[in-house]
Amino acid sequence: MTGTTDPTGGDYDFVVVSNRLPVDRVLAPDGSASWQQSPGGLVTALEPVMRSRDGAWVGWSGQPDLDFEPFDSAGIRVVPMRLSASEVEDYYEGFSNDTLWPLYHDVIAPPNYQRDWWDAYVAVNQRFADATARISAQDAVVWVQDYQLQLVPKMLRRQRPDLTIGFFNHIPFPPYGIYSQLPWRTQIIEGLLGADVIGFQRLADASNFSRAVRRLKGFVTKNPIIEVPLVDESEGVRAHGPVRKGQEFRTVVAKQFPISIDAAAYEQLARTPAVQARARQIREDLGNPKTIMLGVDRLDYTKGIGHRLKAFGELLADGTLSVEDVTLVQVASPSRERVQTYMHLRDEIELTVGRINGDFATISHTAISYHHHGYPREEMVALYLAADVMLVTALRDGMNLVAKEYVATRFDEDGVLILSEFAGAADELKRAMLINPHDIDGLKESIVQAIEMPKRDRAARMRTLRRRVLENDVEKWSAEFLRVLTNSRSGRGRKGSAA
Ligand code: G6P
């Protein structure tokens, strides 16, 4: 640590900022509370970097109105941010998850544009930026995560031009025709352009962003570089139009860095005898059907769960499949349960599951084994091992890590992945069975093909998929992003001279 405490420098050389902390506040039945590391891949990937570089993590505890002092956890300084109950409603449930989330996922659900939600989003982003500015050491590297915090890069740069600032968008960035609906579209673009590097999941997301920059700011973009004229060092993003001759500018890199998982850890878990025994037990408990199909999703309208159920229901109704032979296991983990659209979705999905089971299940064979829970990683891996066909039918998804988890788990080179072409993962996992979830007949055909696929073909596809997932793991993802971010500091110059 540098040990400085002056206003231009805190103690930490590497700071991650995200809406949620990497630890969850867990309440025991006896009322006592403790922090537990959340299972996400991001923590796993960044933990070694954070330990070796005096790392701190700024984020929200996940509960309203609670104040916590910063503390150390597994070598990481954890800096909890307080959100009031009304900020949770307006910034998190409102602007983040009822405006940006549906807008960025191709308006599958209609986004709500509410001015007081925007005000809360600005205020919370400012508070996160202030806290980050306070704890970051001179010349520190700051990495801001995801759509909840898109204004932080600009707010941070204004206070701390010495920092190197990265931003990664975990969800899609929509085409301009959709993005332009947002009443605050220019402010968000300016917020993001405060970063030195802006990472996206897919090439298409980065291109959509660059187009929005050209349309709204008139800046020149030379893929992956965007030239931002410097009016003054801290507020360059306010300017409009291309950099003029003799004018100073800074460069921002906007490109794709497809995120991944800790693939080796998934494989290792799959190889443990206890997990394999559990997978066999799952098959047995389901009555040893010939085929187990599996869906694993947050209960979210972007995931295409209804499309998947429709296809399966029709295959049972037209007699192509029978419950004696095929069971669908659907894990739908609870998510954003106070947002209306999510409440409706849950009702709709559970009604459909009930109907299909009512129509087709027998006393000894269920059609859909439905679970509205999250499960520990061991149980998920056992489910992946037990599943002959994995169904990922997202209507739009930044990446979809479940697809990669399934592949990483299948060291036996068996199992078929049906993957929506609208998930970011489809850019990499081309040997999956790629489907259009809107095409129900096409989806039904793919399901039948997957069930009937000969072992040799399954193995050949899975081998190719596994090579990809094991080589491009989350550690490689973070290392690559941080390499580009560290190099980006040299990216400034004057038009007409070398940048
Ligand atoms: C997506 C987002 C994350 C978010 C997660 C869970 O993966 O990209 O930023 O944390 O969903 O959603 P939640 O609203 O529970 O944080």
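Analysis parameters
- Residues numbered from 1 in each chain as written.
- Predicted model: local features only at pLDDT ≥ 70, side-chain atom pairs only at ≥ 80, totals over all residues.
- Heavy atoms only, no water.
- Helix = DSSP H or I, 4+ residues; strand = E, 2+ residues; numbered from the N terminus.
- Rg over C-alpha atoms; globule rule 2.2 N^0.38 Å.
- Buried < 20%, exposed > 50% of the residue type's maximum accessible area, 1.4 Å probe, protein only.
- Axes fitted to C-alpha atoms, helices over the stretch in contact; angles between N-to-C directions.
- Parallel < 35°, antiparallel > 145°, perpendicular 65-115°, else oblique.
- Left-handed = near helix turned anticlockwise from the far one by under 90°.
- Contact = heavy atoms within 4.5 Å.
- Nonpolar A, V, L, I, M, F, W, Y, C, P; charged D, E, K, R; others polar.
- Pairing = 2+ DSSP bridges.
- Polar contact = N/O pair within 3.5 Å; in protein donor to acceptor, adjacent residues only side chain to side chain.
- Near = heavy atom within 4 Å.
- Domains from an automatic or database assignment.
- Buried area = accessible area lost by both parts, 1.4 Å probe.

In terms of regular secondary structure, the protein chain is built from 16 helices and 19 strands. Scaling as 2.2 N^0.38, a compact globule of 499 residues should have a C-alpha radius of gyration of about 23 Å, and the protein chain matches this with 24 Å. Over its C-alpha atoms, taken along the principal directions, the protein chain stretches across nearly 75 × 50 × 40 Å. Split into buried and exposed, the 499 residues of the protein chain put 57% on the buried side.

With that out of the way, let us pick up the packing of helix α8 (residues 263-270) against helix α13 (residues 401-409). Axis separation between α8 and α13 bottoms out at 8 Å; the angle between their running directions is 50°. The angle between α8 and α13 places the two elements in the oblique class. The crossing of α8 and α13 is right-handed. For the pair formed by α8 and α13, the contact residues are A263, Y266, E267 and A270 on the first element and E405, A408 and T409 on the second. Residues belonging to the contact of α8 with α13 are distributed by class as follows: 4 nonpolar, 1 polar and 2 charged.

Moving on, we come to the environment of A382. Relative to the assigned elements, A382 resides in helix α12 (residues 377-386). We classify A382 as buried; its relative accessible area is 0%. Along the chain, A382 and A403 lie 21 residues apart, while their C-alpha atoms are 15 Å from each other.

Most of strand β8 (residues 164-168) sits inside the fold, with 5 of its 5 residues counted as buried. When strand β7 (residues 136-145) meets β8, the two strands line up parallel, connected through 5 bridges. Within β8, the residue paired with V142 across the bridge is I165. Of the strand pairs in this sheet, β8 and strand β9 (residues 197-200) are connected by 3 bridges, and their pairing is parallel.

Looking now at the side chain of N400. Checked against the element boundaries, N400 lands in the loop between β16 (389-392) and α13. Side-chain polar atoms of N400 contact the backbone nitrogen of A403, separated by 2.9 Å. Among all residues touching N400, those that are not within four sequence positions of it are K303, V392, A423 and A425.

In this section: the site of the ligand. Around the ligand, a shell composed of R20, Y92, N97, D146, Y147, Q148, H170, I171, R298 and R336 is seen. Measuring from an oxygen atom of the ligand, one finds a side-chain N or O atom of R20 at 2.6 Å. In this structure, an oxygen atom belonging to the ligand sits 2.5 Å away from a side-chain N or O atom of D146. The residue makeup of the shell around the ligand, split by class, is 3 nonpolar, 3 polar and 4 charged.

Let us look at the domain arrangement of the protein chain. Split into domains, the protein chain comes out as domain 1 (12-259 + 478-495) and domain 2 (263-471). In this structure, domain 1 and domain 2 have C-alpha centres spaced 32 Å apart. Summed over both sides, the interface between domain 1 and domain 2 buries roughly 1,700 Å², with carbon and sulfur atoms accounting for 56% of that surface. The largest share of the area that domain 1 buries against domain 2 comes from W101, I108 and R202, three residues that together contribute 31% of it.

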